[in-house]
Amino acid sequence: MKTDAFLRVDRTKRLCDQPHVGHNRWHPDIAPTIEVEPGQVIGIETLDAFDGQIQPTTVNADVGRLNLNLVHPLTGPVYIKGAEPGDILEVTVRHIDPQRFGYTIQVPGFGFLRDLFPDPYIVRWNIANQAATSADLPGIQIPGAAFMGVMGVAPSHELLDRIQQREHALKAKGGMVLLPDAGDAVPTDPNIANHALRTIAPHETAGNLDIKQLTAGTTVRIPVYVPGALFSVGDGHFAQGDCETCGTAVEMGATFYASFQVIQGEAERLGIR
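## Focus on the overall build of the protein
Piece 1. Looking only at helices and strands, the protein features four helices and 14 strands.
Piece 2. In terms of overall dimensions, the protein is globule-like: its C-alpha atoms have a radius of gyration of 18 Å, near the 19 Å expected for 273 residues.
Piece 3. With the C-alpha coordinates aligned to their principal axes, the bounding extent of the protein is approximately 50 × 50 × 35 Å.
Piece 4. Counting every position in the protein, which comprises 273 residues, the buried fraction comes to 50%.
Piece 5. Taking the intrachain contacts of the protein between residues at least 6 apart in sequence as the baseline, contacts between residues at least 24 apart amount to 81%.
Piece 6. Looking at the protein as shown, the accessible area adds up to about 12400 Å², and 52% of this sits on carbon and sulfur atoms.
Piece 7. In the protein, 21 side chains carry a positive charge and 31 a negative one; their mean positions are 2 Å apart.

## Some points on the packing of aromatic side chains
Piece 1. For the coordinates displayed, the defined rule picks out five aromatic pairs.
Piece 2. Both rings, one in Phe50 and one in Tyr103, keep their centres 6.3 Å apart while their planes meet at 65°; by these two values the pair is edge-to-face. A residue pair is termed long-range when its members are at least 10 positions apart, and Phe50 in the loop between β4 (41-46) and α1 (60-63) and Tyr103 in strand β6 (residues 88-106) qualify at 53 residues. Across the pair, exposure class does not vary: Phe50 and Tyr103 are buried alike.
Piece 3. With centroids separated by 6.0 Å and ring planes inclined at 35°, the aromatic side chains of Phe101 and Tyr103 adopt a geometry described as tilted.
Piece 4. For Tyr103, a relative accessible area of 1% translates into the label buried.
Piece 5. Ring pairs connect the aromatic residues Phe50, Phe101 and Tyr103, which therefore count as one cluster.

Scoring rules and cut-offs
- Residues numbered from 1 in each chain as written.
- Predicted model: local features only at pLDDT ≥ 70, side-chain atom pairs only at ≥ 80, totals over all residues.
- Heavy atoms only, no water.
- Helix = DSSP H or I, 4+ residues; strand = E, 2+ residues; numbered from the N terminus.
- Rg over C-alpha atoms; globule rule 2.2 N^0.38 Å.
- Buried < 20%, exposed > 50% of the residue type's maximum accessible area, 1.4 Å probe, protein only.
- Contact = heavy atoms within 4.5 Å.
- Areas by Shrake-Rupley, 256 points an atom, 1.4 Å probe, with all protein chains shown as cover.
- Lys, Arg positive; Asp, Glu negative; His and termini not counted.
- Charge placed at Lys NZ, Arg CZ, Asp CG, Glu CD.
- Phe/Tyr/Trp six-rings, centres within 6.5 Å; stacked < 30°, edge-to-face > 60°.

Structure below.
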């Protein structure tokens, strides 16, 4: 696809070895990697959700040793010129190009059915000709419906504080919440890493949406909280059911193509938070 700008990653490396391309936490002080004008088409290469920990040679026992602190490596942020707090950012998904290797896993203690399926498990997928097949599930073919699990913008400092208070309260009540953790955070700056939001939960800024209908041709509207919006993307999915019951979809690295428009003042006018 013809693009006006392109962000590349090295898929042979983890995010910590190329921190200039992205981040795995949400924070308003993460510097943008590129600036684009509204209407320009940008291509963005992304790493898989577990940041290269899972390979075609990964077996069930390996899944039980995954480091969840590395989830999700995002590419960006992208600074969209003219976007200001109170605006709406329109993200139009133009195309998603899958990598050839994908996987679905059951991580112990994670996912909706974690009490019924406590053991680690992996299905390794080969993605080709718009279908995913696997020797781990002979005779099964999954048709492609690629989308990005994570698309979002940066919170303001005020919103960051409000979310932190809410999530600490939920954690105190026994909720499944991942609070700020500087371990394996990118960027490593302690002023960011010690306070930044994790990417597992969605927030007012969008983020980990995991909505299977967000395929090419759809448009997502997200309120803007900081100048430039600071849009980031990652967690490519080749396909997903109506929910990630086991905690993952058909996970993959991908190249995401999109364009942006700004609806000035619309979030403020309508009270969209």
